[in-house]
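What follows is each chain in one-letter form.
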Amino acid sequence: MTSQEKQEMVVTPWEVSGDIDYDRLIEQFGVQPMTQSIADRIAKHAGYMHLQLRRGVYLSHRDTDWWLDEYEKGNKVGLYTGRGPSGHVHLGHLLPWFFCKYLQDAFDADLYFQMTDDEKFLQRDELTLEETVALTYENALDVIACGLNPEKTFIFSDTDHIGEIYRLGLKVAKRVTYSTVKAVFGFQDSTNIGMIWYPALQAMTCFLQSSREGRNIPCLIPAAIDQDNYWRMTRDIAEKMGYYKPAQIHAKFLPGLAQGGKMSASQPDTAIFTTDPPKVAAKKVMKAFTGGRDTVEEQKRLGGRPEVCNVYAYYYFLFEEDDDKLVERERLCRCGGIMCGECKKQLAERVKVFLTEFQEKREKAREVLDEFLLKPLNEKE
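Let me begin by describing the structure that accompanies this report.

Cut-off values and rules
Residues numbered from 1 in each chain as written. Predicted model: local features only at pLDDT ≥ 70, side-chain atom pairs only at ≥ 80, totals over all residues. Heavy atoms only, no water. 1 Å grid on protein atoms, 1.4 Å probe; cavity = no way out; pocket = protein on both sides within 12 Å on 5 of 7 lines; lining within 4 Å. Points joined across faces, edges and corners; volume = space filled by probe spheres on them. Helix = DSSP H or I, 4+ residues; strand = E, 2+ residues; numbered from the N terminus. Axes fitted to C-alpha atoms, helices over the stretch in contact; angles between N-to-C directions. Parallel < 35°, antiparallel > 145°, perpendicular 65-115°, else oblique. Contact = heavy atoms within 4.5 Å. Nonpolar A, V, L, I, M, F, W, Y, C, P; charged D, E, K, R; others polar.

**What about empty space enclosed by the protein?**
Moving on, step 1. Tallied over the full model, the rule gives three cavities of 30 Å³ or more.
Moving on, step 2. By volume, the largest cavity is sized at about 110 Å³.
Moving on, step 3. Considering the residues around the largest cavity, the lining is formed by 14 residues, among which Cys 309, Cys 333, Met 339, Cys 340 and Cys 343 are closest to the centre.
Moving on, step 4. Elements that contribute at least two residues to the lining of the largest cavity include exactly α15 (310-319), α16 (323-334) and α17 (340-365).
Moving on, step 5. Sort the elements by how many residues they give to the lining of the largest cavity and α17 lands first, with three residues.
Moving on, step 6. When its volume is computed, the second largest cavity comes out at roughly 50 Å³.

**Observations regarding the packing of helix α5 (residues 91-107) against α15**
Moving on, step 1. Running from amino to carboxyl end, α5 crosses α15 at an angle of 30°, the nearest separation of the two axes being 11 Å. Between α5 and α15, the interaxial angle falls into the category roughly parallel. Packed against α5, whose contacting residues are Leu 91, Leu 95 and Phe 98, the element α15 presents Tyr 314, Phe 317, Leu 318 and Phe 319 at the interface.
Moving on, step 2. Taken together, the residues that form the contact of α5 with α15 break down as seven nonpolar, no polar and no charged.

**Observations concerning the environment of Gly 303**
Moving on, step 1. Considering the arrangement of structural elements, one finds Gly 303 in the loop between α14 (296-302) and α15.
Moving on, step 2. Along the primary structure Gly 303 and Gly 336 are separated by 33 residues, whereas in three dimensions their C-alpha atoms are 4.0 Å apart.
Moving on, step 3. In this structure Gly 303 touches Arg 293, Glu 298, Cys 333, Arg 334, Cys 335 and Gly 336, once residues within four positions along its chain are discounted.

Structure, rendered in structure tokens:
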């Protein structure tokens, strides 16, 4: 498929589709473009520049420079991200989790990882609460497989851990009006009241580490930009509650294997899941949308278009660590020196190797799951 027709962009906390215009999103959301200075400062503390920083996967931020300032003053800093467990984890979900591992190691930061099983039950009619809670613990295996530190990672279920988080959620809820969430999230009169309450719980996690430790700790949220609505709302009330405004660093979306939009669990044939048998995932890659021409002759004469090619995007985001080799792949594509079929085969092999190794780590995570789960304060050593 090589159609160049633009598809309308839709970016909300619950849907991302169409052709993504990141410059437009930065303007609409009122965030700051990512800077080389911030990337360099992060890399200085980490000892190296992460692939996602080198290649501009993180496109924008709010107060990440302030978060770095606080760390460089000698203050403790923290991290927060999460997952809405509506199905199995796909490769797009892993990108910010790998980046959290990088930041956790670089800044000796605790990571609070929120599993929003309540939100997915409220938002998705086809899911039972029992299913979303069960998926929380299955998805947690993928989080652990990313290599996070069990002593500094706290995974929690909104449903099962409500006794720990409800008080803080109430304090947030008291400061947010219905008119605010209606304006920010587009809620309608037909929206169930659980969804109207839910933003208080997602906001609460920005302050959870500070609340548990009894001191203000700067919080940075690495996540895709579609979740930004929650943090805009949270920043408006943070100082009124006596907490720092949460900082954010926003990632671009890993595209699906079809044309347009991000990788989505709602389109299983166009997403690579961590639980896919490697051979099944490889077959999906072989059907992916590319920036190739209609015929081999045109490809050799005109070259391919890596800027619109989803296969090339997978090398760019995840599967080619070597920058020089990535540049060479792009050159060969543009000059017609490599055909799409060959490029797909090479990616399919890399995906198979990645999944085989990741699934081994995922199975081992079952043995240590409890070490990563949030414990009530009175159970902490």
